[in-house]
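# Examining the three-dimensional arrangement
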Amino acid sequence: MAVARTTVEVGYGGGERLMMNMGPQHPSSHGVFRAILTLEGETVVAVDAVIGYLHRCHEKLGETLTYVQYPTIASKTDYVAAMTSELAYVLAVEKIAKFEVPKRARYLRVIAAELQRIASHCLWLGTWCMDMGGALGGGATVFLYTIREREDVLDLFESLTGARLLYGFHQVGGTRYDIPPGWDAKVRATLDHIEQRLHEYEAMLEDNAFFLVRTQGVGTISQTLAQEVGVSGPLARGSGLQWDLRKAEPYSSYEDFEFRIPVETAGDCFARYRVRMVEFRESIKIVRDALAGLPDGPISSRPGVKSVGQVRVPKGEGYSRVEGARGEVGCYIVADGSPKPYRMKWRGASFSNLAVLPHILPGCKVADVVAIMGSIDPVFGEVDR
Amino acid sequence: MSLAPAAAADLIRQTFGIEPRVEDRLVTVPLAREQWPDFGRFARETLGCLYLNFLSAIDWKAEGIEVICRVENLATGVAVMMRTKLGAGELRCPTLVDVWAGANWMEREAFDMFGLTFDGHPDLRRLLLGDNWELGPPLRKDFVDSGHVPYR
């Protein structure tokens, strides 16, 4: 018996349009994300991005938890780079309350943030290369290598904080943990390894004609578009914007360190890749310098703060942001004098970066969507918050 | 155009007759709702604030909802915080989508979280909340949650 089927005729000459759901469960989206693509043959003509699957209303949570409680929850917004969102939150509170942060704590924060950037970029590189799949000689090769390196960094975090993913390392006024004995030697050894291996990845990828074809000239973001959508981080720098908050608005003693801001002008996937590869090395340099110059002293100006209401924040408001692995992670807090914020707004880097997708996808091939998504490096915990 | 924060504040005073507050590089501008889109265009064209940090809102209970929008000129470092109090019970605000493309998702988020309507928005529908959400806008202060306490 014949089975009735609806068939869709796809005319490659154009004309006929096909709606295709990419997601919500698609391995290349690195999270729960649905792109409703309108296709004409292989070409994307329109895209509707559906987000919110991971929405936990962090802004409401922020209003119901005290300044002491929230930093550990903040790490759950961007769980791939948990240190940065914690830092954005505590910086905002410290700005409003005008709390001093000891120099040692500021350096520890820099070390944590830069190690986190390395770990996050490792995950980005591996998953992105895996997304682009077979073209890269088996696809999973680079992924397995970079995950190996990321694990090394997570081991360092584990011996620092006791946790591998969500740390609770920062607290208002400083950091919660000091470095354990022998940790700095382990960090140096890990960084040496990673630095050495970066050359291997570059050799694997940049000598690969398929990789170049799939990334060069694909997913171009113009400088103007990047700015008006609010794109930041490696994406903005890949589009020629010399914009890095560590330089433009130094926080947490970043002014003490020498480092370079990589800028590429092409604005395509390959430019973003280049920016991140240089950032790897700059982060390694910063961590080494910070370890070498780590001052002695207390790690918090408010040690032992554990119970609700011990952090007194006066009336006021402030916006603090940090340069996370994905760009500007900001926290805007309105304080009313109570132990909890009156209003807290998360400015997620991934949210604004992903918002550029509907502007750049039309005109691409379906296969390019995967390469572009990966090069944006969204973390859906931060998109949906 | 490259303007220092103080010069930008002067220009705002002359053009709109508003007294802005200057704090480091940040110029805070309280606006009337009618000035919202005009000032947005002014901030973009004249002050060169091409970069959109974020757009959101604050519920001031009896005083109503205030919409805030932070934009920045990345070349000069001048940042402008636009704020407008809509007034008690008022939920309509003009859109900024035609000024900054990024306002699209942010206004949809404010629509979700505060129940605000942005007049002129091309595609105002839910962004983060599910289609079956029936408890009302969660970031409004009159929102009654389910009573679940996320900690012990």
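The structure we're discussing is the one just above.
About the cut-offs
Residues numbered from 1 in each chain as written. Chains lettered and ligands numbered in written order. Predicted model: local features only at pLDDT ≥ 70, side-chain atom pairs only at ≥ 80, totals over all residues. Heavy atoms only, no water. Helix = DSSP H or I, 4+ residues; strand = E, 2+ residues; numbered from the N terminus. Rg over C-alpha atoms; globule rule 2.2 N^0.38 Å. Buried < 20%, exposed > 50% of the residue type's maximum accessible area, 1.4 Å probe, protein only. Contact = heavy atoms within 4.5 Å. Areas by Shrake-Rupley, 256 points an atom, 1.4 Å probe, with all protein chains shown as cover. Lys, Arg positive; Asp, Glu negative; His and termini not counted. Charge placed at Lys NZ, Arg CZ, Asp CG, Glu CD. Expected span 1.5 Å × (residues − 1). Arc of directions from axis to C-beta. Phe/Tyr/Trp six-rings, centres within 6.5 Å; stacked < 30°, edge-to-face > 60°. Lys NZ or Arg CZ within 6 Å of the ring centre and 35° of its normal. Pairing = 2+ DSSP bridges. Buried area = accessible area lost by both parts, 1.4 Å probe. Salt bridge = Lys/Arg side-chain N within 4 Å of Asp/Glu carboxyl O. Polar contact = N/O pair within 3.5 Å; in protein donor to acceptor, adjacent residues only side chain to side chain. Nonpolar A, V, L, I, M, F, W, Y, C, P; charged D, E, K, R; others polar. Disulfide = S-S within 2.5 Å.

### Regarding the overall build of chain A
Assigned secondary structure in chain A consists of 15 helices and eight strands. In terms of C-alpha radius of gyration, chain A reaches 22 Å, essentially the compact-globule figure of 21 Å for 385 residues. With the principal axes as the frame, chain A shows a C-alpha extent of 75 × 45 × 45 Å. Burial status across chain A gives 61% buried among its 385 residues. Considering only intrachain contacts with a sequence separation of at least 6, the fraction spanning at least 24 residues in chain A is 70%. Accessible surface computed for chain A: about 13800 Å², of which carbon and sulfur atoms make up 54%. Counting 43 positive and 46 negative side-chain charges, chain A places the averaged centre of each group 6 Å from the other.

### Some points on helix H5 (residues 140–161) of chain A
All names here are of chain A. Here H5 spans 30 Å end to end across 22 residues, near enough to the 32 Å set by a 1.5 Å rise per residue. Among the residues making up H5, those that are buried are Val142, Phe143, Thr146, Glu149, Arg150, Val153, Leu154, Leu156, Phe157, Leu160 and Thr161. Each buried residue of H5 lies within a common arc of 150 degrees when the element is viewed along its axis, so the set occupies one face. Against helix H3 (82–97), helix H4 (103–132) and helix H6 (183–206) lie the buried residues of H5. Looking one or two residues beyond H5, the residue adopting positive phi is Gly162, at roughly 90 degrees.

### A few points about the packing of aromatic side chains
Residues and elements named next belong to chain A. Scanning the model with the defined rule gives 22 aromatic pairs over all chains in all. Put simply, the rings of Trp124, Trp128, Phe211, Phe270 and Tyr273 pair up and form one aromatic cluster. The ring centre of Phe259 lies 4.2 Å from the NZ or CZ of Lys247, which sits over that ring.

### Remarks on the pairing of strand E2 (residues 26–31) of chain B
All names here are of chain B. The buried count for E2 comes to five of six residues, which makes it a mostly enclosed element. Bridge count for strand E1 (residues 21–23) against E2 is three bridges, and the pairing is antiparallel. The residue of E2 that forms the bridge with Glu23 is Leu26. In sequence, E1 turns back onto E2 through a hairpin of two residues, with Asp24 there showing a positive phi of about 55 degrees. Sheet topology places E2 next to strand E5 (residues 79–85); six bridges connect them, and they run parallel. When the sheet's bridge partners are listed, Leu26 is paired in E5 with Ala79.

### A few points about helix H14 (residues 366–376) of chain A
The periodicity of an α-helix, 3.6 residues per turn, causes residues three or four positions apart to be oriented the same way. Residues and elements named next belong to chain A. The buried fraction of H14 is high, at 10 of 11 residues. Every buried residue of H14 is accounted for by Val366, Asp368, Val369, Val370, Ala371, Ile372, Met373, Gly374, Ser375 and Ile376. Of the residues flanking the end of H14, it is Asp377, one or two places downstream, whose phi is positive at about 60 degrees.

### Considerations on the interface of chain B and chain A
The parts lose accessible area when they come together, and the size of an interface is often stated as this lost area. Counting residues at the interface gives 40 residues for chain B and 43 residues for chain A. When the buried surface of chain B facing chain A is broken down by residue, B:Tyr51, B:Trp105 and B:Leu128 rank first, second and third, together holding 20% of it. Connecting chain B to chain A are eight salt bridges. Here A:Arg385 makes a salt bridge to B:Glu109, at a shortest N to O gap of 3.3 Å. On the surface where chain B and chain A come into contact, there are 21 residue pairs in polar contact (both at pLDDT 80 or more). Only strand E3 (51–59), strand E4 (65–72), E5 and helix H3 (103–114) of chain B provide two or more residues apiece to the side of chain B that touches chain A. Looking at the side of chain B that touches chain A, its residues break down into 26 nonpolar, three polar and 11 charged.

### Points about the side chain of B:Glu66
Residue and element names in this part refer to chain B. Along the chain, Glu66 turns up in strand E4. At a separation of 2.6 Å, a polar atom in the side chain of Glu66 contacts the side chain of Trp60. Ignoring any residue separated from it by four or fewer positions in sequence, one finds Glu66 in contact with Ser56, Ala57, Ile58, Trp60, Arg83, Thr84 and Lys85.

### Some points on the state of the cysteines
Summed over the entire model, instances satisfying the criterion amount to zero disulfides over all chains. Take A:Cys129: it sits in no disulfide, and the sulfur closest to it among the cysteines is that of A:Cys122, at 12 Å.

Any functional reading would require information beyond the geometric quantities listed.
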